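Here is what each chain is made of, one letter per residue.
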Amino acid sequence: MHVTEIIERRRKPLVSLEITPPEKGTSIVHIFDTMETLLPYSPSFVNVTYHQERIVYEEHEGVIKKIPRRKKPGTVGICSALAHRFRIETVPHLICSGFNRYETENALIDLHYLGFDNIFVIRGDPPPGFKEIPSEPEGHVYASELVAQVASLNRGEYIEQIEKGDATNFCVGVAGYPEKHYEAPNLAEDILHLKHKVDCGAAYIITQMFFSAKVFEEFRQRLIDAGVTVPIVPGMKVLTQPKQLLTLPRDFHISLPEELVESLRAAKDPADFRRRGIQWAEKLCLDLVDLNVPCLHFYTMGKAGALSEVLAKLQKKGVIP
Ligand code: FAD
């Protein structure tokens, strides 16, 4: 079922999850365990991230070898495994970087044959050590172009002209940034580009993580003012470790509210830090539910413990199914 249809049918705010594939060589059992822990909170759909291949150069017996490395392969495999095992809607992520549009078309055909009706389309980031994404001949520069390619395939239009081509049926989600994307000169311009992704065929938006309901409310209002009418799903993360005060702003280009940081810095020990992080996440969810959001989306990063505590509190209050 399309994510948008799941959202339309909801009686209460839904819960959805983002899962990251395990590092190469790691068993999928850990992902199953994460899902088992979170199943009591009836996640409506699960996104699985895509991790780009990086080219590394290594010396072997005096010869420099170019080696393609994918640290976290398995997006489609994990989606299929979760869908099969838990009968849950899964959403594979698809990125622009590293693919030309012919390879992308073939990937979309595979997903279509496998029965996926949902995909999440993003651009991807430059590989470590690069300031820009290496240009891919015949590839897409922006996510909007990939969204447009999916929309064409949904009309049965393939790159080569095919008479009465079999139309795919993908519902496409795209990323939004309440505090603006790090490359955008300002939020206004970023919102124009986000609206363009919707105009190209995106059916809903999931946001980058944020920690203040006011930030989300203002972002949503700006999107509405810009004429965006698709569902906007807030993305969240539960803070559990002091190092996240450094890594999340650095890696995701987001800010943490003063009140949150003050509270976390006052934590007596790691357990107290975790308790405060859980408390903040619960309050944020309650504020977002008051704002009538369709769904609460959580970045699990493979960890379910603290999130399950937040969800248990919300469930006890009758806020989520
Ligand atoms: P775009 O929408 O293409 O935008 C990128 C930048 O270009 C923005 O600054 C935008 O304002 C600007 N822009 C867009 N169109 C134009 C234009 N026509 N002219 C000029 N500027 C323009 N990364 C992964 O590698 N794998 C994942 O699975 C993954 N999942 C994600 C899930 C979510 C919910 C989010 C929020 C991010 C995810 N990312 C993932 C990270 C994402 O790839 C990066 O944030 C990336 O830098 C931008 O992707 P995008 O799709 O938002 O890009």
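Refer to the structure presented above.
Given the structure is predicted, the values throughout are model-derived calculations rather than measurements. (Residues numbered from 1 in each chain as written. Predicted model: local features only at pLDDT ≥ 70, side-chain atom pairs only at ≥ 80, totals over all residues. Heavy atoms only, no water.)

### A word on helix H7 (residues 213-225)
The first and last C-alpha atoms of H7 sit 18 Å apart over 13 residues, in line with the 18 Å expected at 1.5 Å per residue. Those residues of H7 that are buried are in contact with strand S7 (171-176), helix H6 (187-199), strand S8 (204-209), strand S9 (232-236) and helix H10 (270-290). Gly227, located one to two residues past H7, shows a positive phi value of around 95 degrees. (Helix = DSSP H or I, 4+ residues; strand = E, 2+ residues; numbered from the N terminus. Expected span 1.5 Å × (residues − 1). Contact = heavy atoms within 4.5 Å.)

### Digging into the side chain of His297
Secondary-structure assignment places His297 in strand S10 (residues 295-299). A polar atom in the side chain of His297 sits 2.7 Å from the side chain of Ser16. When near neighbours in sequence (up to four residues on either side) are disregarded, His297 contacts Ser16, Leu17, Glu18, Phe45, Asn47, Ile206, Val233, Pro234, Gly235 and Met236. (Polar contact = N/O pair within 3.5 Å; in protein donor to acceptor, adjacent residues only side chain to side chain.)

### A short note on the packing of aromatic side chains
Per the stated rule, a full pass over the model turns up four aromatic pairs. Geometrically, the ring pair formed by Tyr50 and Phe99 is edge-to-face, given 5.8 Å between the ring centres and 65 degrees between the ring planes. Separated by 49 residues along the polypeptide, Tyr50 in the loop between strand S2 (45-48) and strand S3 (54-60) and Phe99 in the loop between strand S5 (89-95) and helix H4 (101-113) bring together distant segments of the chain. Using a relative accessible area of 23% as the deciding quantity, one classes Phe99 as partly exposed. (Phe/Tyr/Trp six-rings, centres within 6.5 Å; stacked < 30°, edge-to-face > 60°. Buried < 20%, exposed > 50% of the residue type's maximum accessible area, 1.4 Å probe, protein only.)

### Topic: the sheet that holds strand S6 (residues 118-122)
Strand order around the closed barrel formed by eight strands is S1-S2-S5-S6-S7-S8-S9-S10, with parallel pairing between neighbours. When strand polarity is set aside, the average angle formed by the axes of neighbouring strands in this sheet is 30 degrees. Here strand S1 (residues 14-19) runs beside S10; their pairing, made up of five bridges, is parallel. Looking at S10, one finds that Glu18 is bridged to Tyr299. (Pairing = 2+ DSSP bridges. Axes fitted to C-alpha atoms, helices over the stretch in contact; angles between N-to-C directions.)

### Examining the site of the ligand
Around the ligand, the structure places 24 residues, and the nearest of them are Asp125, Tyr177, His181, Asp190 and Lys197. The backbone of Ala184 places a nitrogen or oxygen atom 3.5 Å from an oxygen atom of the ligand. Taking Asp190, its side chain carries an N or O atom lying 2.6 Å from an oxygen atom of the ligand. Contact with the protein chains hides 84% of the accessible area of the ligand, taken as 980 Å² for the molecule alone. (Near = heavy atom within 4 Å. Areas by Shrake-Rupley, 256 points an atom, 1.4 Å probe, with all protein chains shown as cover.)

### Section: unusual backbone geometry
Phi at Lys164 takes a positive value of approximately 45 degrees, unusual for a residue other than glycine. Following the sequence through the fold, Lys164 ends up in the loop between helix H5 (143-154) and S7. Assessed through its relative accessible area of 82%, Lys164 is described here as exposed. Not every positive phi belongs to a glycine, and His253 is a case in point at roughly 55 degrees. As for its position among the elements, His253 is in the loop between helix H8 (244-252) and helix H9 (258-265). When its relative accessible area of 38% is taken as the criterion, His253 is described as partly exposed.

### Considerations on the packing of helix H2 (residues 29-38) against helix H3 (residues 75-86)
Packing of H2 against H3 brings their axes to within 11 Å, and their N-to-C directions diverge by 45 degrees. Between H2 and H3, the crossing angle belongs to the class labelled oblique. Relative to H3, H2 is oriented so that their crossing is right-handed. Of the residues in H3, those touching H2 at Ile31, Phe32, Met35 and Glu36 are Ile78, Ala81, Leu82, Arg85 and Phe86. (Parallel < 35°, antiparallel > 145°, perpendicular 65-115°, else oblique. Left-handed = near helix turned anticlockwise from the far one by under 90°.)

Purely spatial values, then, with no claim about function.
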